[in-house]
Amino acid sequence: MNPRQALLRQLPSVDSLLQTASLQAAVAEFGREQVKQHVRQALADWRDSLEKDGSDAALELHKDKLLDLLSQRVLHALQLSAAPILRPVINLTGTVLHTNLGRARLPEQACQVLQSLGGQSCNLEYDLETGKRGDRDSHLQQELCRLTGAQAVTIVNNNAAAVLLVLNTLARDKEVLISRGELVEIGGSFRIPAVMEAAQACLHEVGTTNRTHLQDYREAINAATGLLMKVHTSNYAVQGFTASVSEQDLASLAAEHELPFVSDLGSGTLIDLQRFGLPPEPTVRSVLEAGADIVTFSGDKLLGGVQAGIIAGRADLIQRIKANPLKRALRVDKLTLAALLEVLKLYRDPERLPEKLPFLRDVSRSESSIREQAQQILPALRENLGPDVAIEMRETRSQIGSGALPLDLLPSAALVIRPEPKAGGADAALTRLAAAFRQLSTPVIGRIHDGEFWLDLRCLDDSQALLDLLPELSAQACA
Ligand SMILES: *Cc1c(COP(=O)(O)O)cnc(C)c1O
């Protein structure tokens, strides 16, 4: 028997590990099942490593030491797995509404309501005055009708669901007239033709990619037409020799034929964002005033709230939409609703929105304040990354993201890091650097561009939080 086999043979049993003082304590904290599972895993890993490359050090381990070592590993694994699975990260990608990072950050008021409501029952569908069953949409309706001028609203899981539900309710087995220039794809999985099909509506394209006229719609209307639709081309711009039909004209044409006119706004802003230096975007109110019967929009794009799809418009149509069984399948949870309501309340005082709503705070930050912040962080970054790493502040442009206002619009400042190529070359050094930032106790997410690592500081509202993390870097980044 070689020494390795001997060691395998005297591997402690699951039970002997469970008897150790530290794992007894772990059982009390995490429960027997979970600890046992991790003990089995630790033993299997140990056996694997012995069989693969069991180093001499491992071979010499005394049995008691081995018990110690394995129970330490089990404890470590238990602690790691007990940490929350979704964790906060610092978004320095330069994309304010980053879909992979959860889009909009919520304002304080919304976080508080989530905290206080999460563990409690609430009046979600219960009328506290009458003691009778209520309607979960009613809370939202009050707030949103005032903000948008809509007669009624309802809410579903996201805007894709909103479009699906509207089409399925109002145009099932009927034709939907839509301009060829508006057959958009948003982030791969949402494509107007595919949603149309899923909703069991028939797509009827009118006009051409760059130019569509009112006459095109007029000529396309037939006995099978269910509705007229306009999709806001929120994530791209058609430029040059173009023509599209205004909401007003489409609304009048639809009314002439007693057909609903539906506008999918996508980004859905509730106030004119030009006052915060952003380019013009149609507001939900302006599209309803132009005559749209139904408008659909997202809760977590330019609105700056939670993932949700809002359907606003004519009361009789909203009534039909709410009666569709799909509505039940797509409805939102109480926490989504509670957070969105708090976000909407902030819109009662639009002047102070940029102070209160993180999304607007981020997009309305001046370049000079971001630059100042970069100057302040630069020395600490230099100190912690060491002399081999070139770091400088550069101008950049942040983008809003999530298909809302497609262009890189917002002048910003970034800290740009060029690591010294060592083992594996420049690419490997860059990858290691980005990984080191991701492995900080609060992960920091930047972006790799042109052989450099960019940290756009637009969304960093707490400089100190980043400064506090930097000392962890020197330990690992250049290791
Ligand atoms: C973003 C977008 C959608 C999808 O909205 P989600 O809330 O991401 O589901 C649909 N239509 C348009 C025009 C959009 O911009």
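## A look at the overall build of the protein chain
A tally of helices and strands in the protein chain yields 21 helices and 15 strands. Of all 479 residues assigned to the protein chain, the portion counted as buried reaches 47%. Sequence separation of 24 or more characterises 73% of the internal contacts of the protein chain that already satisfy a separation of 6 or more. The average position of the 50 basic charges and that of the 59 acidic charges among the side chains of the protein chain differ by 4 Å.

## Some words on the side chain of aspartate 137
Position of aspartate 137 relative to the elements: it lies in helix α8 (residues 136–148). At a separation of 3.4 Å, a polar atom in the side chain of aspartate 137 contacts the side chain of lysine 322.

## Observations concerning the side chain of aspartate 362
By secondary structure assignment, the location of aspartate 362 is in helix α18 (residues 358–363). Apart from the residues lying within four places of it in its own chain, the contact partners of aspartate 362 are Val96, Arg105, Arg458 and Cys459.

## Considering the packing of helix α9 (residues 159–171) against helix α14 (residues 315–323)
Relative orientation of the contacting elements α9 and α14 amounts to 100°, with a least axis distance of 9 Å. By the angle class used here, α9 and α14 are roughly perpendicular. Seen from α9, the contacting residues are Leu165, Val166, Thr169 and Leu170; seen from α14, they are Leu317, Arg320 and Ile321. For the contact of α9 with α14, a count of residues per class yields 5 nonpolar, 1 polar and 1 charged.

## Examining the pairing of strand β12 (residues 410–418)
Extensive coverage of β12 is indicated by the burial of 7 of its 9 residues. Strand direction decides the pairing type here: strand β11 (residues 390–398) and β12, joined by 9 bridges, are antiparallel. Pairing of methionine 393 across the sheet is with leucine 415, part of β12.

## Things to note about the sheet that holds β11
Taken together, 4 strands build an open sheet; the order of strands is β11-β12-β15-β14 and the sheet is antiparallel. In this open sheet, the two edge strands, each paired with only one partner strand, are β11 and β14 (447–449). Each adjacent strand pair in this sheet contributes to an overall mean axis angle of 40°, direction not counted. Relative to strand β15 (residues 452–456), β14 is paired through 3 bridges, and the arrangement is antiparallel. Residue pairing for β15: histidine 449 is matched across the bridge by glutamate 452. Packing against the sheet, helix α19 (residues 367–385) makes contact with β11 and β12, and its axis sits at approximately 10° to β12.

## Observations concerning helix α12 (residues 247–256)
Along an α-helix, residues three or four positions apart point the same way, because every turn accommodates 3.6 residues. Of all the residues in α12, the buried ones are Glu247, Leu250, Ala251, Leu253 and Ala254. The buried residues of α12 occupy an angular sector of 165° when projected down its axis, which confines them to one face. The exposed set on the far side of α12, more than 90 degrees from its buried face, consists of Ala255 and Glu256. If you follow the buried residues of α12, they end up packed against α11 (214–220), β7 (225–231), β8 (261–266) and α13 (284–289). Remark: glutamate 258 follows α12 within two positions and exhibits a positive phi of approximately 50°.

## Considerations on the pattern of salt bridges
Per the counting criterion, the structure on display carries 28 salt bridges. Taking the shortest distance from any N to any O, the salt bridge between aspartate 316 and arginine 314 comes out at 2.8 Å. Exposure remark for aspartate 316: the relative accessible area of 42% places this residue in the partly exposed category. For arginine 314, a relative accessible area of 30% puts it in the partly exposed group. Residues participating in the shared-partner salt-bridge network are Arg105, Arg361, Asp362 and Asp461.

## Focus on the sheet that holds β8
Strand order in this open sheet of 7 strands is β2-β10-β9-β8-β7-β3-β6, and the pairing throughout is mixed. Either end of the sheet is taken by a strand with one partner, and the two such strands are β2 (152–156) and β6 (202–206). Within the sheet, the average angular offset between the axes of one strand and its neighbour, ignoring direction, is 25°. As judged from the 4 bridges shared by β7 and β8, these two strands associate in the parallel manner.

## Some details on the packing of aromatic side chains
Centre-to-centre distance and the angle between the planes together describe a pair of aromatic rings. Applying the stated criterion to the full structure yields 1 aromatic pair. With a centroid separation of 5.2 Å and 45° between ring planes, the pair formed by phenylalanine 437 and phenylalanine 453 is classed as tilted. Here phenylalanine 453 lies in strand β15 and phenylalanine 437 lies in helix α20 (residues 425–438), a separation of 16 residues in the sequence. Residue classification places phenylalanine 437 among the buried residues on the basis of a relative accessible area of 0%.

## Remarks on the domain arrangement of the protein chain
When the domains of the protein chain are assigned, the result is domain 1 (3–82), domain 2 (90–97 + 362–478) and domain 3 (108–353). When each unit is reduced to the centre of its C-alpha atoms, the spacing between domain 1 and domain 2 is 40 Å.

## A look at the state of the cysteines
In this structure the tally under the stated criterion is 0 disulfides. Distance from the sulfur of cysteine 122, which forms no disulfide, to the nearest cysteine sulfur (cysteine 111) is 17 Å. The class for cysteine 122 is partly exposed, based on a relative accessible area of 29%. Cysteine cysteine 459 is unpaired, with the sulfur of cysteine 111 as its nearest cysteine sulfur at 15 Å.

## A short note on the packing of α8 against helix α16 (residues 334–346)
Packing of α8 against α16 brings their axes to within 10 Å, and their N-to-C directions diverge by 20°. Our classification of the angle between α8 and α16 gives roughly parallel. You can see that α8 and α16 cross each other, and the crossing is left-handed. Contact with α8, carried on its side by Arg136, His139, Leu140, Glu143, Leu144 and Leu147, involves Leu337, Leu340, Leu341, Leu344 and Lys345 of α16 and no other residues of that element. By residue class, the composition of the contact of α8 with α16 is 7 nonpolar, 1 polar and 3 charged.

## Description of α8
If you check α8, its first and last C-alpha atoms are 19 Å apart, about what 13 residues at 1.5 Å a residue would give, namely 18 Å. Along its length, α8 shows its largest kink, about 30°, at glutamine 142. Regarding α8, the residues found buried are Arg136, Asp137, Leu140, Glu143, Leu144, Cys145, Leu147 and Thr148. The inward-facing, buried residues of α8 contact β2, α13, β10 (309–313), α14, α15 (325–330) and α16. Capping of α8 at its N-terminal end is provided by aspartate 135; its side-chain oxygen lies 2.8 Å from the backbone amide nitrogen of aspartate 137.

The rules behind each value
Residues numbered from 1 in each chain as written. Predicted model: local features only at pLDDT ≥ 70, side-chain atom pairs only at ≥ 80, totals over all residues. Heavy atoms only, no water. Helix = DSSP H or I, 4+ residues; strand = E, 2+ residues; numbered from the N terminus. Buried < 20%, exposed > 50% of the residue type's maximum accessible area, 1.4 Å probe, protein only. Contact = heavy atoms within 4.5 Å. Lys, Arg positive; Asp, Glu negative; His and termini not counted. Charge placed at Lys NZ, Arg CZ, Asp CG, Glu CD. Polar contact = N/O pair within 3.5 Å; in protein donor to acceptor, adjacent residues only side chain to side chain. Axes fitted to C-alpha atoms, helices over the stretch in contact; angles between N-to-C directions. Parallel < 35°, antiparallel > 145°, perpendicular 65-115°, else oblique. Nonpolar A, V, L, I, M, F, W, Y, C, P; charged D, E, K, R; others polar. Pairing = 2+ DSSP bridges. Arc of directions from axis to C-beta. Salt bridge = Lys/Arg side-chain N within 4 Å of Asp/Glu carboxyl O. Phe/Tyr/Trp six-rings, centres within 6.5 Å; stacked < 30°, edge-to-face > 60°. Domains from an automatic or database assignment. Disulfide = S-S within 2.5 Å. Left-handed = near helix turned anticlockwise from the far one by under 90°. Expected span 1.5 Å × (residues − 1). Bend = angle between axes of the 7 residues up to and from the residue.

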